[in-house]
Amino acid sequence: MAGNSQMNSSKGAWKSAIFIIFVEVAERFAYYGVSGNLFSYLIKEVGQPTATAAKNVNIWQGVSALFPVVGGFLADSYTGRFWTILFSSIIYLTGLALLTIAVSIKSMAHRHVFFFIALYIIAIGEGGHKPCVQTFAADQFDENLPEEKAAKSSFFNWWYVGIVCGATAAVLVVIYVQDYVGWNFGFGMLAVAVAAALVVFLIGSRTYRRQAPVGSPFTRVAQVVVAAMRKRKLSEREGRGICEEEESSCIGLEGGVRVHTLVRTSKFRFFDKAMIIDEIDASSEKRNQWRLCSVNQVEEVKLLLQLIPIWFSCLMFAVVIAQLGTYFTKQGSTMNRSIGPNFQIPAASFQVFTGITILTSVLLYEKLFVPIARRINGHSSGITILQRIGFGLFLSIITMVVAASVEARRVGIARKHGLTDSPKSVVPMRVWWLVPQYMLTGLSDVFTVVGLQELFYDQMPIAMRSIGAAAYISVVGVGSFLSSVLISIVQEISSKSGHKWLGNNINQANLHYFYLVLAALSAVNLCVYIFISKIFVYKKNESEGHSNVKE
């Protein structure tokens, strides 16, 4: 064991995590360099209607956020996180290179075909990259070493700062280059950044702690379900005890990181039947894992089950966030964006205010809010993870209400100046009116997204943490699809009254009504979330005592 400790001290922690962070910063730089201005490209270059462009952006973002479920499964089960990151980065780089070539093709028909092919190759690269990079970086901190456990506590906040730095740089620089220099130069910058990050990642490869794949984690879940079904008529009183056989002391981590036994809980008690020893189990020389499961294995399944309602209750938040790169941008494109006589700010570049808000808020949260809250309630993180997520959901409601108010004012000014039938005319209203909704989006991100990252890492079984990362990412993906569905439903219903809420000419549209619908749905969703969080039981290890912390 001493040798393992020495091995751990020579690898991992911040000296390893910093290399991995570079990869994530470059990936976020590239992703937002594509997604941040994709809506404008589809309208200006492809000639798609506003609602169609919004739906296509949402679909691509949804696919990009759902592929990580597959990537996370492969990483945990077969390939490992290091190799998954490496291969997916190469695929990502290939997609960016093809995208750069596609926008340089003169034939419009061929350009559009190659553009969308490249776009979805990037989505495939996202599938292996997103679920593994953050988890791989967090794996560099050994929870059995107090100093590294403390470092991991603040890791998620600083990790998010890195992500936002990459995204903000893309919004400030890349979007400007795309709009005023050329799309090929803009996308080419992204390819160079990812290539450089890939080199940095390989340079640090000898310092990484790596977790070996352990086979399909879903097999363990299936074993619990099957064993419980087989003993569905058996009560614990009728059994000959329960299987408390301790799991293997390690799961393939270099350095032998110990897997702590989970405390038994009273939730989802049907699955407790899987751990009851019956006559057949007692007479068997070797445990049949499809008939008898350990307490730890059953509790891992319970952890998964109680995260599912949390996942569903965060979908409306993702719908709100989906408006950032679509209708928020459309609003800004109709307003006065001039600075001086010769310079106009690209409409999509106003997403930088979301990034700046996130950067500022994370620093204030970590350095000011957490210490104060810790003194008040004694909680090591200031507030619980679920409280953090819930406050972000509340802020998303405020975001939509503010956005609706600003949009109602913008439409009113357009009507007052007779611009209702002139969608390409500039409404005499300064674009700075949109800043509050961009900032509120960033503030809600700090609470909800970082909270989801930590929740789906901390509360997942250790062998399924890449899938956990994919699960929180898929919230954004499904939310993007849901946004497209809501757009279609609103278009269908509003068209029956002869006036589409989300038409191409938003001076005639009722975009503010759409925002209010999202606010109302988010309010209902928040009530559901509060109910779910009240019955949530946090993971507890035997070494930490037998009491369960409830939220």
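Residues numbered from 1 in each chain as written. Predicted model: local features only at pLDDT ≥ 70, side-chain atom pairs only at ≥ 80, totals over all residues. Heavy atoms only, no water.

Keep this limit in mind: UniProt positions are given in the numbering used here, feature names are shortened, and annotations may be inferred rather than shown by experiment.
In the annotation of an unreviewed UniProt entry, the chain is listed under the name NRT1 PTR FAMILY -like and assigned to Olea europaea subsp. europaea. Note on the chain: under the UniProt heading Subcellular location (unreviewed entry), the record states "Membrane".

## Remarks on the overall build of the chain
Our working rule: In this description a helix means any DSSP run of H or I spanning at least four residues, a strand means any run of E spanning at least two, and both kinds are numbered starting from the N terminus. Each radius of gyration reported is based on C-alpha atoms, and the globular scaling rule is 2.2 Å times the count of residues to the power 0.38. Note on contacts: a residue pair is in contact if any heavy atoms of the two residues lie within 4.5 Å. Computed with the Shrake-Rupley method and a 1.4 Å probe, the accessible areas treat only the protein chains shown as cover for residues. None of His or the chain ends enter the tally, which takes Lys and Arg as positive and Asp and Glu as negative. Working definition for charges: the position is that of NZ of Lys, CZ of Arg, CG of Asp or CD of Glu.
Of the regular secondary structure elements, the chain holds 18 helices and 4 strands. Taken against the 2.2 N^0.38 rule, which gives 24 Å for 551 residues, the C-alpha radius of gyration of the chain at 25 Å falls within 12% of a compact globule. For the chain, the share of sequence-separated contacts (at least 6 apart) that also reach a separation of at least 24 residues comes to 81%. Approximately 22,900 Å² of the chain is accessible, and the part contributed by carbon and sulfur atoms is 65%. Across the chain, 49 positive and 35 negative side-chain charges occur, with their mean positions spaced 8 Å apart.

## Examining the environment of Ser-349
The cut-off we apply is this: Categorising residues by exposure relies on relative accessible area from a 1.4 Å probe, with only protein chains included: less than 20% of the type maximum marks a residue as buried, more than 50% marks it as exposed, and the intermediate range marks it as partly exposed.
Looking at where Ser-349 falls in the secondary structure, it is placed in the loop between β3 (343-344) and α14 (352-377). Taking relative accessible area as the criterion, Ser-349 reaches 7% and is therefore assigned buried. Counting along the chain gives 176 residues from Ser-349 to Val-173, while the straight-line C-alpha distance between them is 8.6 Å. The contacts of Ser-349, once residues within four sequence positions are left out, are Val-171 and Ile-175.

## A word on the confidence of the model for the chain
Keep this limit in mind: Confidence of the prediction at every residue is given by pLDDT, a number between 0 and 100.
Taken residue by residue, the chain gives an average pLDDT of 83. The fraction at 70 or more is 90%. Of all helices and strands in the chain, the one with the weakest mean pLDDT is helix α1 (residues 2-10) (46), whereas helix α18 (residues 511-534) scores best (94). Every residue in residues 1-8 scores below 50 in pLDDT, and together they form 9 contacts with partners more than four places removed in sequence or on other chains. Low pLDDT (under 50) marks residues 247-259, which in the prediction has 37 contacts with non-local residues, meaning those over four places away or in another chain.

## Some thoughts on the pattern of salt bridges
Definition in use: By convention in these notes, a salt bridge is any Lys or Arg side-chain nitrogen within 4 Å of a carboxyl oxygen on Asp or Glu.
For the coordinates displayed, the defined rule picks out 14 salt bridges. Residue Lys-302 is joined to Asp-272 by a salt bridge in which the shortest nitrogen-to-oxygen separation is 2.7 Å. Placement of Lys-302 in helix α11 (residues 295-313) and of Asp-272 in the loop between α9 (217-230) and α10 (279-283) is noted, with a sequence separation of 30 residues between them. The closest approach of N and O atoms between Glu-299 and Lys-302, which form a salt bridge, is 3.2 Å. Note that Glu-299 and Lys-302 are positioned in helix α11 at a spacing of 3 residues, about one turn of the helix. In this structure Glu-299 comes out as buried when scored by relative accessible area, which is 4%. Classification of Lys-302 as buried rests on a relative accessible area of 3%. Among the ionic contacts, a cluster of salt bridges with common partners joins Glu-236, Arg-264, Asp-272, Glu-299 and Lys-302.

## Overview of a nonpolar patch on the surface
Our working rule: A residue counts toward a patch only above 30% relative accessible area and without a salt bridge, and it is joined to like-charged neighbours within 9 Å or, for Val, Leu, Ile, Met, Phe, Trp and Tyr, to nonpolar neighbours within 5 Å.
On the surface, a nonpolar cluster with roughly 680 Å² of combined accessible area is contributed by Tyr-176, Tyr-180, Val-181, Phe-185, Ile-339, Phe-343 and Trp-432. Tracing the chain through its elements places Ile-339 in strand β2 (residues 338-339). Judged by relative accessible area, which is 42%, Ile-339 ranks as partly exposed.

## As for the pairing of strand β4 (residues 427-430)
This is how it is decided: Any two strands with at least two DSSP bridges between them are considered paired.
Here β4 shows a clear split, with Val-427 and Met-429 buried on one side and none of Pro-428 and Arg-430 buried on the other. In this structure, strand β1 (residues 335-336) lies alongside β4, joined through 2 bridges in parallel fashion. Paired with Asn-336 across the two strands is Arg-430, which belongs to β4.

## Quick notes on the state of the cysteines
Here is the rule: Here, two cysteine sulfur atoms that lie within 2.5 Å of each other are counted as a disulfide.
In this structure the tally under the stated criterion is 0 disulfides. Cysteine Cys-314 remains unbridged, with the sulfur of Cys-527 as its closest cysteine sulfur at 14 Å.

## Let's talk about the nonpolar core
Operational definition: Nine residue types can take part in a nonpolar core, namely buried Ala, Val, Leu, Ile, Met, Phe, Trp, Tyr and Cys, and a core is a set of them joined through side-chain atoms within 4.5 Å.
Grouped together as the largest cluster of nonpolar side chains are 132 residues, with contacts concentrated most on Phe-115 and Phe-514. Sort the elements by how many residues they give to this core and helix α15 (residues 385-416) lands first, with 11 residues. If near-sequence neighbours (up to four positions away) are discounted, Phe-514 is found in contact with Gln-323, Tyr-327, Leu-486, Ile-487, Val-490, Trp-501 and Leu-502. Counting residues in each nonpolar core, the second largest holds 5 residues, with Tyr-365, Val-370, Leu-395 and Phe-447 among its members.

## Description of the packing of aromatic side chains
Note the threshold: Side-chain rings of Phe, Tyr and Trp, where Trp is taken by its six-membered ring, are said to pair if the distance between their centres is within 6.5 Å; with planes under 30 degrees apart they count as stacked, over 60 as edge-to-face, and otherwise as tilted. Look at NZ for Lys and CZ for Arg. If either is within 6 Å of the ring centre and within 35 degrees of the ring normal, a charge sits over the ring.
Counted according to the given criterion, the structure contains 30 aromatic pairs. Centroid distance Tyr-41 to Phe-115: 4.4 Å. Interplanar angle 20°. Geometry classified as stacked. Of the two residues, Tyr-41 is situated in helix α3 (residues 38-44) and Phe-115 in helix α6 (residues 108-138); the sequence distance between them amounts to 74 residues. Pairing Phe-73 with Tyr-78 gives two aromatic rings, centres 5.9 Å apart and planes at 80°, and the pair type is edge-to-face. You can call Phe-73 partly exposed: its relative accessible area is 22%. Above the plane of the ring of Tyr-365 lies Arg-388, whose end atom (NZ or CZ) is 4.0 Å from the centre.

## Structural notes on the side chain of Arg-291
Selection rule: Polar contacts here mean pairs of N or O atoms no more than 3.5 Å apart (in protein, one a potential hydrogen donor and the other a potential acceptor; neighbouring residues in sequence count only if both atoms are side-chain atoms).
Locating Arg-291 in the fold gives a position in the loop between α10 and α11. A relative accessible area of 13% places Arg-291 in the buried class. A polar contact of 2.3 Å, which involves the side chain of Arg-291, links it to the side chain of Asp-278. Sequence-distant contacts of Arg-291, defined by excluding residues within four places in its chain, comprise Ala-227, Arg-230, Lys-231, Ala-274, Asp-278, Ile-280 and Asp-281.

## Describing unusual backbone geometry
The phi torsion at Phe-268 lies on the positive side, around 50°, for a residue other than glycine. By secondary structure assignment, the location of Phe-268 is in the loop between α9 and α10.

## Observations concerning the packing of helix α2 (residues 14-35) against helix α8 (residues 183-203)
Spelled out, the test is: Structural elements are reduced to axes, namely lines fitted to C-alpha atoms, with helices fitted over the stretch in contact, and the angle between N-to-C directions of any two is expressed from 0 to 180 degrees. Should an angle fall under 35 degrees it is taken as roughly parallel, and over 145 as roughly antiparallel, whereas 65 to 115 is taken as roughly perpendicular and any remaining angle as oblique. By the definition used in this description, the sense in which the near helix is turned from the far one sets the handedness, with an anticlockwise turn below a right angle giving left-handed and a clockwise turn giving right-handed.
Contact geometry of α2 with α8 gives a least axis separation of 8 Å together with a crossing angle of 165°. Classified by the angle between their axes, α2 and α8 sit roughly antiparallel to one another. Here α2 and α8 pass one another in a crossing that is left-handed. Residue-level inspection shows Phe-19, Ile-20, Phe-22, Val-23, Ala-26, Phe-29, Ala-30, Gly-33 and Val-34 of α2 in contact with α8, the latter providing Phe-187, Met-189, Leu-190, Ala-193, Val-194, Ala-197, Val-200, Phe-201 and Ile-203.

## Some thoughts on the packing of α6 against helix α17 (residues 465-495)
Helix-helix packing is characterised by the crossing angle of the two axes and by the distance between the axes. Short version of the rule: Three residue categories are used. Nonpolar comprises Ala, Val, Leu, Ile, Met, Phe, Trp, Tyr, Cys and Pro, charged comprises Asp, Glu, Lys and Arg, and polar comprises the others, including Gly.
With their axes 8 Å apart at the nearest point, α6 and α17 run at an angle of 120° to one another. Between α6 and α17, the angle falls in the class oblique. In this structure, α6 crosses over α17, and the sense of that crossing is right-handed. Here α6 contributes Lys-130, Pro-131, Cys-132, Gln-134 and Thr-135 to the contact with α17, which in turn contributes Arg-465, Ser-466, Ala-469, Ala-470, Tyr-472 and Ile-473. Split by residue class, the contact of α6 with α17 holds 6 nonpolar, 3 polar and 2 charged.

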